[in-house]
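Examination of the molecular architecture
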Amino acid sequence: MKISNRFLLLLFTLIFCFYSNVQAQNQSKKITIVTLPQHHARISYGVQKLTLALQHVGYSVTEQSYKGVMPSGNAIVVGLLADAPVKKLVGAANNRPGKEGFIICDNGLKNKLLIAGADNSGALYGCLELADRIDINKKLPVNINLHDQPEMVLRGTCIGVQKPALLPGRGTYEYPYTPQNFPWFYDKALWIRYLDSLAHNRMNSLYLWNGHPFASLVRVKEYPYAVEVDDAIFKKNEEIYSFLADEADKRGIWLIQGFYNIIVSKPFAEKNNLKTQDRNRHIVPIIADYTRKSIAAFVQKYPNVGLLVTLGEAMEGVGQDDVDWFTQTIIPGVKDGLKALGRKDEPPIVLRAHDTDAPNVMKYAKPLYSNLYTEAKYNGEALTTYEPHGPWADLHRTLSSIGTVQIENVHIMANLEPFRYGSADFIQKCVQAMHTIYGANALHLYPQASYWDWPYTADNTGRKRLLQLDRDWIWYKAWARYAWDNKRDRAGEISYWAKQLADKYGCDQANGEAILKAYEESGNISPELLRRFGITDGNRQTMTLGMLMSQLVNPEKYGLFSLLYNSEGPVGEMMSVYAEKEWKHQPHTGETPVKVIDSVILQGKRAVEAIDKASAGIKKDNAEFARLKNDMYCYNAMANSYAYKAKAALWVLRYKYSDNVADLEKALPELQTSLEYYKQLVKLTENTYLYANSMQTKQRKIPVGGNDAKMKTWVELLPVYQKELDNFKRNIDSLKSPQTQQKQKEVAVLKDAPVKFENSSSYQLNAGEVVYADTIAPIKNTAKELAGLKGIKLSKADQQKNGTTISFKNDKPVKVLVGFFNSKLPQYLPEPQLETDASANDYGQADIKIANAIQIDGLPPVNIHTYTFKAGSNTLTLGKGAALVLGIVDADANVPVYDAGLSNEGNIKDLRWLFN
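So, here is what we can say about the structure in this document. (Residues numbered from 1 in each chain as written. Predicted model: local features only at pLDDT ≥ 70, side-chain atom pairs only at ≥ 80, totals over all residues. Heavy atoms only, no water.)

Points about the overall build of the protein
As a reminder, the rule being used: Only DSSP runs of H or I covering at least 4 residues are called helices, and only runs of E covering at least 2 are called strands; the numbering of each starts at the N terminus. Atoms counted for the radius of gyration: C-alpha only. Globule rule: 2.2 Å times the number of residues to the power 0.38. Burial here depends on accessible area, computed with a 1.4 Å probe over protein chains only, as a share of the maximum for the residue type. Under 20% is buried, over 50% is exposed, and the range in between is partly exposed. Contacts were defined at the residue level, with two residues in contact if any of their heavy atoms lie within 4.5 Å. To be clear on the numbers: accessible area is Shrake-Rupley with a 1.4 Å probe, and residue cover counts the displayed protein chains and nothing else. Counted as positive: Lys and Arg. Counted as negative: Asp and Glu, with His and the chain ends omitted from the count. Here the site of a charge means atom NZ of a Lys, CZ of an Arg, CG of an Asp or CD of a Glu.
When you go through the protein residue by residue, the secondary structure sums to 26 helices and 25 strands. By the compact-globule yardstick of 29 Å for 916 residues, the protein fits well, its C-alpha radius of gyration being 32 Å. Its C-alpha atoms give the protein principal-axis dimensions of about 130 × 65 × 50 Å. The buried share of the protein, taken over its 916 residues, is 58%. Across the protein, the fraction of contacts at a sequence separation of at least 24, relative to all contacts at a separation of at least 6, is 75%. Only carbon and sulfur atoms are counted for the fraction: they give 52% of the accessible area of the protein, which is about 37,000 Å². Computed over 108 positive and 98 negative side-chain charges, the inter-centroid distance for the protein is 5 Å.

Below, the structure written as structure tokens:
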């Protein structure tokens, strides 16, 4: 009996203890989130995300507003450091965070945990940080005492409200906001997903880019006809835009609308007999008034939306017009809108330093408006280096020293698209360079690929198209992570990213590290190739489609963009410099073409090895991993194709000095090997990608023109490269034949087309003729093809002051031959440059036809470009600066492409004929 009683007592005790323990556990799983009355929507959003994280790991969560007494049980208190109840809990804590910073602590608070923000965004980020830790550890942390805040003031992404192709009858950047043009713009669920991802990555700004958005979003009382959309769409636009601004603000995200100057709406232009955009047009009063009132209406209607101003491209580049437009139209428009709202504060205006003298503009603007930011492209329209230097670095440092916030714009990525990019190491070093080399403190991030085709990627899945938001998650996450803190320890970062990749693909940490290695090995290939072999950092070149041999050996004939070599890479040598030093047995400097050739071959091999190593361990998201793996193989094929082509180019450049055909023969097997690797790239992409480049207009020029969305895939370029190889073989044989001279052809002399001019005088393009009406500079020599053409005699002084305008009538299509002086001095009209002028190929004028075509006493050499006009009444309009109009010929006349070698400064040997 005693044993039985003792047994029952023991059993009862065990049951009681078990029940008590369960009850205690249940009690510990109950938690109250306490917020302060009338708190900001950002705190509500943060609490919502924190609640979901707690519930996901089994907590029972209630929320209550603080009413003077804290709850007795477990509680998380969320508020601002300035709130009285929070002050009591936090006490006299040291290291209080600054803007957007927060404290998370439970020290000495018994069963309370405090999230205290320096401001509403800080409280939001504190909630998100705690939610992340709960997700990782599957429980609420204890003994936590965390202080954190971001390093960069602005951390933002960009969406282009633009399209891959031009709309019929419209110019560049002219895309009204309509469901037909942008169905995704009206998808609220997609916006919520995107904004949530920005908040999760602690991004605090979102830029929308469009040429002239105002005519889709506001009505101007004085110009009611300027609206570009019908009433129903206008109402839709108002609703979605307000929704977007409100939802962004809830997440601590500042919405910023970008626009170009000077662009006006199509109905406004038609009503007033104007062009929607004209780079060479001076400021017109009615356009200035319309633009000022449009900006005022926008500020009044969307008071929480910022403005990003591009002064360049659609108006004449550097000059007084830029200063006047910004100070007399844009800033007054913003002030008018603020005055109408009764606001005395000055919300930020972002001035983009593109095709304008931003430091000079800021000098005049700052006294008028104090809250100005500046922005400039980090590596142009590409990603090339974390070691920028030279004049581009000087500009960034100058902007950073003005005293405002300098924003670094990671722009377009013309050398990365369309393959996946996720080198966390390269990205971290770039952000560090933004701080240490440029002195900047903000980030404006473009999509990694397919900017013009948002929200989709170029992947061909055969089904529903992939979203950039999903595919390129690591791109956004990496830039955001280092914009918050760029000093993170490298060993810790390898572990962090390996864990992220392991979780995504369901593999172990070791395989996650292998995937990271593949990303990081491949991540150097495109930057190294472009900075050592490219023509430009702009989106007129699609790097992954390859380059012509003529572009590698004579890049200056394709509008070589000098900043690519003197600023946007480590100190080093371009191929022509390397070849000359080799011939002269001179020592080399810095990064050489040979170093890059060896580097990219090795990195391509290592990327493939690493991704292969990880393949067997993948247990999740297999389809995406297969696409990532294919991209690594694409990088490898591309790296080898470029490397062997560059080897061939170095032999060709040696021939420039040696005149030894044996050097060309040594180039031939290298070029053949390059083509074999390119064929591999074709096979890897022909069923996996819809295109290589998302900009599919005549602006794209390299490796070949992209008119009408053609030449956008690797398979389209394959015949071009095969023909190039065949021509090279034939021309080598020609050089070896004693019966054939080196590339001699009959000269086709150009003839004047029948054209009627309005008030112009002419002269013959012959030696001794004076080219200007107000100078005595005579022609010394001309290319044989030009002999006898009639040039238009102009006033050099008037060209420099007012630009050039020539009107004429022609019954048949014609080409106007325009001579540009090969000089960077400001008195000469710059050659068409697509990096800064989106209209620079509207008439087919972007490329040099005959280089060094005319020799004029005392003047720089002259390069000829051609402008094509349809039959009818036409006007050639050029910007300010001296240039020559050397004649007008039939549109089908064969204007040869070569270097005539007529220069007071020596002859540049043209090798392009070897491949034609």
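Remarks on the environment of Thr327
Put simply, the test is: Definition of a polar contact: a pair of N or O atoms within 3.5 Å, with one able to donate and the other able to accept a hydrogen when the atoms are protein atoms, and with sequence-neighbouring residues admitted only if both atoms are side-chain atoms.
Relative to the assigned elements, Thr327 resides in helix α10 (residues 320-341). For Thr327, a relative accessible area of 12% gives the class buried. A sequence separation of 354 residues divides Thr327 from Leu681, and the C-alpha atoms of the two residues are 51 Å apart. Dropping the residues within four chain positions of it, Thr327 is found in contact with Pro332, Tyr364, Ala365 and Leu368. Within the local environment of Thr327, its side chain forms a polar contact with the backbone oxygen of Val323, the two atoms lying 2.7 Å apart.

Things to note about the side chain of Arg279
Positionally, Arg279 belongs in the loop between α8 (266-271) and α9 (285-301). Of note is the side chain of Arg279, whose polar atom sits 2.7 Å from the side chain of Asp355. There is a polar contact of 3.5 Å between the side chain of Arg279 and the side chain of Asp837.

Details of helix α18 (residues 525-533)
Within α18, nine of the nine residues are buried, which leaves the element mostly enclosed by the surrounding structure. Every buried residue of α18 is accounted for by Ile525, Ser526, Pro527, Glu528, Leu529, Leu530, Arg531, Arg532 and Phe533.

A look at the nonpolar core
To keep it simple, the criterion reads: The nonpolar core is taken to be a set of buried Ala, Val, Leu, Ile, Met, Phe, Trp, Tyr and Cys residues, with the residues joined through side-chain atoms within 4.5 Å.
In this structure, Trp191, Phe326, Trp475, Trp479 and Ile515 are the most contacted members of the largest nonpolar core, which totals 189 residues. With 17 residues, the top contributor of residues to this core is helix α23 (residues 622-658). Apart from residues no more than four positions distant in its own chain, Phe326 is found in contact with Val309, Leu311, Ile331, Pro332, Ile349, Leu351, Val361, Ala365 and Leu372. In terms of nonpolar packing, the next biggest core, distinct from the first, is built from 31 residues, Tyr45, Leu80, Leu113 and Leu146 among them.

Describing the pattern of salt bridges
Pairing is possible between side chains that carry opposite charge, provided their charged atoms lie close to one another. For clarity, the cut-off: Salt-bridge detection follows one rule: a side-chain nitrogen of Lys or Arg within 4 Å of a carboxyl oxygen of Asp or Glu.
Enumeration according to the criterion identifies 51 salt bridges in this entry. Here Glu375 and Arg352 are joined by a salt bridge, their closest N and O atoms 3.9 Å apart. Of this pair, Glu375 sits in strand β12 (residues 372-377) while Arg352 is found in strand β11 (residues 349-352), placing the two residues 23 residues apart along the sequence. Here Glu375 matches Arg352 in class, with each residue buried. Here Glu665 ties to Lys736 by a salt bridge, and the two come within 2.9 Å at their closest N and O atoms. Residue Glu665 is located in helix α24 (residues 661-685), and its partner Lys736 is located in helix α25 (residues 714-736); the two are separated by 71 residues in the primary sequence.

Describing the sheet that holds β12
Heads up, the rule is: At least two bridges found by DSSP between two strands are what make those strands a pair. For helices, the fitted axis covers only the stretch in contact; all axes are lines through C-alpha atoms, and the angles between them, taken along N-to-C directions, range from 0 to 180 degrees.
The strand order β7-β8-β9-β10-β11-β12-β13-β14 describes a closed barrel built from eight strands, whose pairing is parallel. With strand direction ignored, the average angle separating the axes of adjacent strands in the sheet is 25 degrees. Packed on one face of the sheet, helix α7 (residues 231-250) meets β8 (205-209) and β9 (254-261) and runs near 130 degrees to β9.

Examining the pairing of strand β14 (residues 442-445)
By the alternation rule, side chains of β14 split into Ala442 and His444 and Leu443 and Leu445, which are all buried. One ladder, built from four bridges, connects strand β7 (residues 154-160) with β14; its direction is parallel. Across the sheet, the residue bridging to Leu154 is Ala442, located in β14. Bridge count between strand β13 (residues 405-410) and β14: three bridges; the pairing is parallel. Its bridge partner lying in β14, Val410 is registered against Leu445.

Here's the deal with the packing of helix α22 (residues 593-615) against α23
This is how the line gets drawn: An angle counts as roughly parallel when it lies under 35 degrees, as roughly antiparallel when it exceeds 145, as roughly perpendicular when it falls between 65 and 115, and as oblique in every other case. Definitions for this section: a left-handed crossing has its near helix turned counterclockwise from the far helix by less than a right angle. A right-handed crossing has that turn clockwise. Amino acids are sorted into nonpolar (Ala, Val, Leu, Ile, Met, Phe, Trp, Tyr, Cys and Pro), charged (Asp, Glu, Lys and Arg) and polar (every other residue, Gly among them).
Two elements in contact, α22 and α23, have axes separated by 9 Å at closest approach and are oriented at 160 degrees. One way to sum up the angle between α22 and α23 is to call them roughly antiparallel. The hand of the α22/α23 crossing is left-handed. Class assignment of the residues belonging to the contact of α22 with α23 gives a composition of 17 nonpolar, four polar and four charged.

Thoughts on the sheet that holds strand β5 (residues 112-117)
Strand order in the open sheet formed by six strands is β2-β1-β3-β5-β4-β6, with mixed pairing between adjacent strands. Each edge of the sheet is formed by a strand with only one pairing partner; in this case those strands are β2 (60-65) and β6 (145-148). Put simply, the sheet's adjacent strands are angled 15 degrees from each other on average, direction ignored. Each of β1 (30-35), β2, β3 (75-80) and β5 touches helix α2 (residues 41-56); the most contacted strand, β1, lies at about 175 degrees to it.

A look at the packing of aromatic side chains
Convention followed: Working definition: rings of Phe, Tyr and Trp (its six-membered ring) pair if their centres are within 6.5 Å, and the pair is stacked with planes under 30 degrees apart, edge-to-face with planes over 60 apart, and tilted otherwise. Our definition puts a charge over a ring when NZ of Lys or CZ of Arg is within 6 Å of the ring centre and also within 35 degrees of the ring normal.
Counted by the stated rule, this structure contains 49 aromatic pairs. For the pair Tyr194 and Trp454, a centre-to-centre distance of 5.3 Å together with 75 degrees between the ring planes defines the contact as edge-to-face. Taken as a pair, Tyr194 in helix α5 (residues 188-200) and Trp454 in the loop between β14 and α14 (468-471) lie far apart in primary sequence, 260 residues in all. There is no split in this pair, since Tyr194 and Trp454 are both buried. Counting every residue linked through ring pairs, the aromatic cluster contains Tyr175, Tyr177, Phe182, Trp184, Phe185, Tyr186, Trp191, Tyr194 and Trp454. Above the ring of Tyr59, the side-chain terminus of Lys29 is found at 4.3 Å from the ring centroid. When the ring centre of Phe182 is taken as reference, the NZ or CZ atom of Lys163 above it lies at 5.5 Å.

Some words on the packing of helix α17 (residues 509-522) against α22
Interaxial distance between α17 and α22 falls to 8 Å at its minimum, and their mutual angle equals 160 degrees. With respect to α22, the element α17 is oriented roughly antiparallel. Crossing hand, α17 versus α22: left-handed. Contact with α17, carried on its side by Asn511, Ala514, Ile515, Lys517, Ala518, Glu521 and Ser522, involves Gln603, Arg606, Ala607, Ala610, Ile611, Lys613 and Ala614 of α22 and no other residues of that element. The residue inventory of the contact of α17 with α22, partitioned by class, reads seven nonpolar, three polar and four charged.

Focus: the side chain of Thr404
Position of Thr404 among the secondary structure elements: in the loop between α12 (390-400) and β13. With a relative accessible area of 16%, Thr404 lands in the buried category. Discounting chain neighbours no more than four positions away, the residues touching Thr404 are Met362, Lys366, Leu372, Tyr373 and Thr374.

Read these as spatial facts, not as claims about activity.
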